[in-house]
Amino acid sequence: MKKIISLLLIGAMLCTALAACGEDPDVYVPHGGAMLAEGEEPEDLSLQDEALQTLSLTYFPDRSMNPLIGNNITNRVLFSLIYQGLFSVDRNNVPVPILCSYFQATADNRNYTIYLEESATFSDGSPVTTADVIATYEAAKNSDYYGGRFTYIDSVVQGESSNAVTFHLTTAYESLPLLLDIPIVKVGHTEDDFPLGTGPYVFQQNVAGAHLAKVTNWWCRDKAKLPTNAETITLSEASSQAQVRDEFEFSGLDLAISNPMSDSYAEYRCDFELWEVESGLFLYIGVNALWSEYFKDGRNDELRKLLTYAIDRQTIVDTYYRGRAYPSTLPTSPGSPYYSESLASRYEYDPVRFVSAITNMYIPRNDKGEQKKLLLLVNCDDSARLRTARYIAKELTELGLETGTLEYGGSTGTTYEQVLRAGSYDLYLGQTKLSATYDLSQFFKGWGNLGWGGIADNTLLNMCKEALANSGNYYNLNKMVADDAKIIPVLFGYYEVYAERGQLLDLAPSRDNVFFYTLGKTMESSRLATEYG
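Per chain, residues are indexed from 1 in the order of the written sequence. Local features in this predicted model are restricted to residues of pLDDT 70 or higher, and side-chain atom pairs are both shown and tallied only at a pLDDT of 80 or more, whereas totals for entire chains, interfaces and linings draw on every residue. The basis for the side-chain values is all heavy atoms of the structure; hydrogens and waters are excluded.

Trainee: Explain the overall build of the protein to me, and be specific about the residues and the numbers.
Mentor: Across its full length, the protein holds 14 helices and 17 strands. For the protein, the C-alpha atoms occupy an extent of roughly 115 × 70 × 55 Å along the three principal directions. A buried classification covers 53% of the 533 residues belonging to the protein. Contacts between residues were defined by any pair of non-hydrogen atoms, one from each residue, lying within 4.5 Å. For the protein, long-range pairs separated by at least 24 residues make up 70% of all intrachain contacts whose partners lie at least 6 apart in sequence. Carbon and sulfur atoms provide 50% of the accessible area of the protein, an area that totals close to 25000 Å². Under the DSSP-based scheme used, a helix requires at least four consecutive residues in state H or I and a strand at least two consecutive residues in state E, with every element numbered from the N terminus. Here's how the labels work: a residue is buried when its accessible area is under 20% of the maximum for its type, exposed when over 50%, partly exposed in between, all with a 1.4 Å probe on protein chains only. The accessible surface values rely on the Shrake-Rupley method and a 1.4 Å probe; as for residues, cover is taken only from the protein chains in view.

Trainee: Would you mind going over the pattern of salt bridges in detail, with residue names and values included?
Mentor: Any carboxyl oxygen of Asp or Glu that lies within 4 Å of a side-chain nitrogen of Lys or Arg is treated as forming a salt bridge with it. Counted according to the given criterion, the structure contains 21 salt bridges. With a shortest N-O distance of 2.9 Å, R390 and E407 are connected by a salt bridge. Linking R390 in helix α9 (residues 383-398) with E407 in strand β15 (residues 403-408), this pair joins segments that are 17 residues apart in sequence. Given a relative accessible area of 43%, R390 falls into the partly exposed group. Residues K479 and D483 are paired through a salt bridge, measuring 2.8 Å at the closest nitrogen-oxygen approach. Of the two residues, K479 and D483 are both situated in helix α13 (residues 474-484); the distance of 4 residues between them amounts to about one turn of the helix. Salt bridges sharing partners connect three or more residues here, namely D301, R304, D457, D484 and K486.

Trainee: Could you give me a rundown of the packing of helix α6 (residues 313-320) against α9, with the residues and numbers involved?
Mentor: Each pair of packed helices can be described by the angle between their axes along with the distance between the axes. The angle between two axes is taken between their N-to-C directions and runs from 0 to 180 degrees, where each axis is a line fitted to C-alpha atoms and a helix contributes only its stretch in contact. Relative orientation of the contacting elements α6 and α9 amounts to 140°, with a least axis distance of 10 Å. By the angle class used here, α6 and α9 are oblique. In this structure, α6 crosses over α9, and the sense of that crossing is right-handed. Residues T315, I316 and Y320 of α6 pack against A384, R387, T388, Y391 and I392 of α9. Put simply, Ala, Val, Leu, Ile, Met, Phe, Trp, Tyr, Cys and Pro go in the nonpolar bin, Asp, Glu, Lys and Arg in the charged bin, and everything else, Gly too, in the polar bin. When its residues are assigned to classes, the contact of α6 with α9 shows 5 nonpolar, 2 polar and 1 charged. Reported orientations rely on four angle classes, namely roughly parallel under 35 degrees, roughly antiparallel over 145, roughly perpendicular from 65 to 115, and oblique for the rest. Crossings are classed by handedness, with left-handed meaning an anticlockwise turn of the near helix from the far one by less than a right angle and right-handed meaning a clockwise turn.

Trainee: Tell me about the packing of aromatic side chains, and please be specific about residues and values.
Mentor: Aromatic rings from Phe, Tyr and Trp, taking only the six-membered ring of Trp, are treated as a pair when their centres fall within 6.5 Å; an angle between ring planes under 30 degrees marks them as stacked, one over 60 as edge-to-face, and anything in between as tilted. All chains considered together, the criterion is met by 25 aromatic pairs. With a centroid separation of 3.9 Å and 15° between ring planes, the pair formed by Y268 and Y498 is classed as stacked. Of the two residues, Y268 is situated in the loop between β11 (255-258) and β12 (273-287) and Y498 in strand β17 (residues 487-499); the sequence distance between them amounts to 230 residues. A relative accessible area of 5% means that Y268 is categorised as buried. Taking relative accessible area as the criterion, Y498 reaches 1% and is therefore assigned buried. Taken together through their ring pairs, the aromatic side chains of F282, Y284, Y338, Y425, Y428, Y438, F443, F444, Y474 and F492 make up a single cluster. Comment: the charge-over-ring label is applied if NZ (Lys) or CZ (Arg) is within 6 Å of the ring centre and within 35 degrees of the ring normal. When the ring centre of Y145 is taken as origin, the NZ or CZ atom of R76, which lies over that ring, is 3.9 Å away. Geometry around Y416 places R385 over its ring, the cationic atom sitting 5.9 Å from the centre.

Trainee: Run through the nonpolar core, naming residues and quoting values.
Mentor: Put simply, buried Ala, Val, Leu, Ile, Met, Phe, Trp, Tyr and Cys residues joined by side-chain atoms within 4.5 Å make one nonpolar core. The biggest cluster of nonpolar side chains holds 152 residues, and the ones touching the most others in it are Y137, F167, L255, F354, F443, F444 and F515. Contacts of F444, omitting those with residues within four sequence positions, involve I455, A456, D457, L460, L461, C464, V481 and I487. In this structure, A238, F248, Y265 and F272 belong to the second largest nonpolar core, which totals 10 residues.

Trainee: Account for the packing of helix α12 (residues 458-469) against α13, naming residues and giving values.
Mentor: Following both chains from N to C, one finds α12 and α13 inclined at 155°, their axes separated by 8 Å at the closest point. By the angle between their directions, the pair α12 and α13 is classed as roughly antiparallel. Handedness of the α12/α13 crossing: left-handed. Residues T459, L460, M463, C464, A467 and L468 of α12 lie in contact with α13, whose contacting residues are Y474, N476, L477, M480, V481 and D484. Its residues placed into classes, the contact of α12 with α13 shows 9 nonpolar, 2 polar and 1 charged.

Trainee: Go over the environment of E293, please, and point to the residues and values.
Mentor: On the secondary structure map, E293 appears in the loop between β12 and α5 (301-306). In this structure E293 comes out as partly exposed when scored by relative accessible area, which is 29%.

Trainee: Kindly report on the sheet that holds strand β4 (residues 100-105), identifying the contributing residues and their values.
Mentor: In this scheme, strands are said to pair when DSSP sees at least two bridges between them. If you walk across this open sheet you meet the 4 strands as β4-β5-β7-β6, and the pairing is antiparallel. Of all the strands in the sheet, the pair left with one neighbour each is β4 and β6 (153-158). For this sheet the average axis-to-axis angle between neighbouring strands, irrespective of direction, equals 20°. In this sheet, strand β7 (residues 164-169) lies alongside β6 in antiparallel orientation, the contact comprising 5 bridges. Residue pairing across strands places Q158 opposite V165, the latter belonging to β7. Across the sheet, helix α3 (residues 130-141) is in contact with β5 (111-116), β6 and β7; its angle to β6 comes to roughly 160°.

Trainee: Can you tell me about the environment of N66, naming the residues and giving the values?
Mentor: Take N66: it is sitting in the loop between β1 (55-59) and α2 (73-82). Along the sequence, N66 and R149 sit 83 residues apart, while their C-alpha atoms lie 18 Å from each other. The residues touching N66, leaving out its near neighbours within four places in the chain, are F79, T190, E191, D192, D193 and P195. Pairs of N or O atoms are called polar contacts if they sit within 3.5 Å, as long as, within protein, a hydrogen donor faces a hydrogen acceptor (for residues adjacent in sequence, only side-chain-to-side-chain pairs). At 2.8 Å, the side chain of N66 and the backbone oxygen of T190 are in polar contact.

Trainee: Can you lay out the pairing of strand β14 (residues 374-379) for me, pointing to particular residues and giving the numbers?
Mentor: On any regular strand, side chains alternate: one points to one face of the sheet, the next to the other face. Within β14, 5 of the 6 residues are buried, which leaves it mostly tucked inside the rest of the structure. Note: β14 against strand β16 (residues 427-433), 2 bridges, orientation parallel. Its bridge partner being in β16, L376 is matched across the sheet by L427.

Trainee: With reference to specific residues and values, describe the sheet that holds strand β10 (residues 232-237).
Mentor: Read from one edge to the other, the open sheet built from 4 strands follows the order β1-β10-β9-β8, with strand pairing classed as mixed. Both edges of this open sheet fall to β1 and β8 (201-206), since each of them pairs with a single strand only. When strand polarity is set aside, the average angle formed by the axes of neighbouring strands in this sheet is 30°. With 5 bridges joining them, β1 and β10 adopt parallel strand pairing. Across the sheet, residue S56 finds its bridge partner in β10, namely T234. Against the sheet, α2 contacts β1, β8, β9 (209-214) and β10, and its axis sits at roughly 125° relative to β1.

Interpretation in functional terms is not warranted from these geometric data alone.
Here it is as structure tokens:
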């Protein structure tokens, strides 16, 4: 009897399957749980949210939480959830409008007018005004973190309409929006410890600790697809990068960021998802063209121009930066759209070519007639940079150019900066952070902030301006800088962003914006016709 029942059941299943095969593929037939009983109303799924995430992040309470001042990379992860700029920049170095509703540039790209989103509000519900934007940019101009972006921004003023701000520039700028991702805060609150922002979350503290709370009625909640939908993001207090790593590996921390070029870098060894995010950190050799006995008055030009071939960049990256940096012979990162691999290959490590320059070089001597060493200045407070300088000096010596290091820092009485200003060195191993436009003007303009060793050069400065005016000129700029060799690129750094596997599926971190998102706008859709006249 059981066998007969089984056969009947199998037959019924086959009939059902055959019937399904004969269905019209263009007609939807409900199956399983989607079927409704007679008279039953379908459930409205439009109001159902996807499952809410739980998310745990961390911050350093002893470091600034003001986005115009704070430079701690862990705290800046939170800034990408609390604040918004006029624009945001994605990981491909493409700007997208955020607080900017639309914008307009004059024909010469020396004046940009930004029109604010009229519905934009801070987390307390107050509207974003042009006064907020102007005050923010005035504060940013005087900050260590953003001040370098203002080389050619002459003024930021009220535009002709109530929601317009105009940027007046001293040179043509094709991609000014790349610099306009500075977080906007309220006028009168630019120096607050915890200024309000316009982003999806607000920083809150109570007796239980700190957390990020989702902003009620966030002004663009219907336009943005955020990488997280957590209602509340718990925040643990960090005291060191090693502690952050341990919490990520063994506790409940869901995301962490680290800088492999930092002495405080802690290596992660657990199962995680990893993103390499360009940082703009630039390690280079600078030449003292003004005071060095080796290089002043045009001495040893050929030697200077061939120094690039004596630098084994890949070994430096692998040995002193754990393989976590990009070797570069050009002053733009290999991850940048302005980088040319074919051009970069012309200046790679070639010790035989370098040795040929030494035979006829000018060698300064002391009062006893003894050859003076070439002296490479380095900041000994940075251990990786110190080891790199010692390696470069050793390599140059082995290639026939006797070289020593000058090692100064906070523990030596005389600081690295004091020696750099005094000019008592031949070369120095420098590090700076370049903006997303890779503007090198501060190296070559008179009294520029990076022009150590008297390397001001109007020809190179004008080429910097040409590149800013038209990005097609970056190739020529990079070639001129590499050929001139008053700065010799070594490597570019990047940040590492770690996340628990499967926790943040939509995460697409970019420089200075780990929780990057868009509002559906593009530069093309937001740009008005060119303003003439």
